[in-house]
Amino acid sequence: MDPLAISPRKLRSDLYSYSYQDDSNTVPLVISVLSSLIERTLARNERISRSYGGFGKTRVFDCREIPDMTIQSYLERIFRYTKAGPSVYVVAYVYIDRFCQNNQGFRISLTNVHRLLITTIMIASKYVEDMNYRNSYFAKVGGLETEDLNNLELEFLFLMGFKLHVNVSVFESYCCHLEREVSIGGGYQIEKALRCAEEIKSRQIVQDPKHHHHHQFSRILL
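Position labels on residues start from 1 in each chain and follow its written sequence. In view of the model being predicted, local features appear only for residues whose pLDDT reaches at least 70, and side-chain atom pairs are presented and counted only at 80 or more, with totals across whole chains, interfaces and linings using the full set of residues. Side-chain numbers come from the whole structure's heavy atoms, not from hydrogens or water.

Per an unreviewed UniProt entry, the recorded name for the protein is Cyclin, and the organism is Arabidopsis arenosa. Taken verbatim from the UniProt record of the protein, the Sequence similarities (unreviewed entry) comment is "Belongs to the cyclin family. Cyclin U/P subfamily." UniProt positions are given in the numbering used here, feature names are shortened, and annotations may be inferred rather than shown by experiment.

The following block contains the structure:
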């Protein structure tokens, strides 16, 4: 579904009251919104890479061969085979944001985004839901070997400092951010703000390599 066709109210309703039948293939709206956000991130990071060079040394999620699958299709595949609810994707989004904050040299790219998504969604599912599939099943869904996904999970947890708790206020704030993503002109305004943040960050890193930033929502996209 085109994110522009999703209203903030409709997204909120879906996030908080989504339900599905066992034989239903209705995809949660948050998947389209998150997919759009990440696709735009990839495009911008590609421009940044060409302008400023490499993305640093955090390459734990890099793969040898880029999967021939769009972000939207990959997220839909994960949902189709795991039936993870909308809240799982919001929490995974929180985790990705925190990971980017803790690892300043990391940038989402075509070589790491698929592995990052399946890892964070699996961990978020364990945090949010009562019943979960084994790592081996998530690995099969994500197109990885079980050992590889096990290693990615451990690497992610240590790089995150095991900070997995997401309280209600944090969850709500990220839901609000996703709602703004689908607001009229919201995507453009977020893109504009993040581009300015990236320019400021680049200048400050040159001046002070140890400087850290704590913008609440820009981290996933920088």
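Participant: A description of the environment of Ile123 should follow, citing residues and the corresponding values.
Facilitator: For the purposes of this entry, the term helix denotes a DSSP run of H or I that reaches at least four residues, the term strand denotes a run of E that reaches at least two, and both are numbered from the N terminus. Looking at where Ile123 falls in the secondary structure, it is placed in helix H5 (residues 113-128). Residue classification places Ile123 among the buried positions, given a relative accessible area of 4%. Residues Ile123 and Phe156 lie 33 residues apart in sequence; the distance between their C-alpha atoms is 9.5 Å. Two residues form a contact once any of their heavy atoms are found within 4.5 Å. Once you skip the residues sitting within four places of it in the chain, Ile123 turns out to touch Tyr95, Glu153, Phe156, Leu157 and Leu164. Buried, partly exposed and exposed residues are distinguished by accessible area as a fraction of the type maximum, computed with a 1.4 Å probe on protein chains only: under 20%, between the cut-offs, and over 50%, respectively.

Participant: I'd like a description of H5, backed by residues and values.
Facilitator: One full turn of an α-helix is made of 3.6 residues, so residues set three or four places apart face in the same direction. Compared with the 22 Å implied by 1.5 Å per residue over 16 residues, the 22 Å span of H5 between its first and last C-alpha is a close match. Within H5, the full set of buried residues consists of Val113, His114, Leu116, Leu117, Ile118, Thr119, Thr120, Ile121, Met122, Ile123, Ala124 and Ser125. Under the convention used throughout, the expected extent of a helix is 1.5 Å for every residue step, that is, one less than its residue count.

Participant: Any details on the confidence of the model for the protein? Residues and values, ideally.
Facilitator: You can read pLDDT as the predictor saying how much it trusts each residue, on a scale of 0 to 100. Here the protein shows a mean pLDDT of 77. Residues at 70 or above account for 68%. Note that pLDDT drops below 50 for residues 184-197; the model gives that stretch 19 contacts with residues more than four away or on any other chain. Low confidence marks residues 203-207, where pLDDT is under 50. Its contacts with residues over four positions away, or in another chain, come to two contacts.

Participant: Tell me what's going on with the layout of surface pockets, and back it up with residues and numbers.
Facilitator: Its boundaries defined by the atoms lining it, the second largest pocket holds a volume of some 260 Å³. Looking at the second largest pocket, it is lined by 15 residues, and the ones nearest its centre are Pro67, Arg115, Gly142, Gly143 and Leu144. Elements with a minimum of two residues in the lining of the second largest pocket: helix H3 (71-82), H5 and helix H6 (135-142). A class-by-class count of the residues in the lining of the second largest pocket yields six nonpolar, three polar and six charged. Both cavities and pockets are sets of points on a 1 Å grid over the protein atoms alone; in a cavity a 1.4 Å probe fits but cannot get out, in a pocket the set is open with protein on both sides within 12 Å along at least five of seven lines, and lining residues sit with an atom within 4 Å of a point. Grid points are joined across faces, edges and corners, and a volume is the space filled by probe spheres set on the points. Each residue gets one label: Ala, Val, Leu, Ile, Met, Phe, Trp, Tyr, Cys and Pro are nonpolar, Asp, Glu, Lys and Arg are charged, and the others, such as Gly, are polar.

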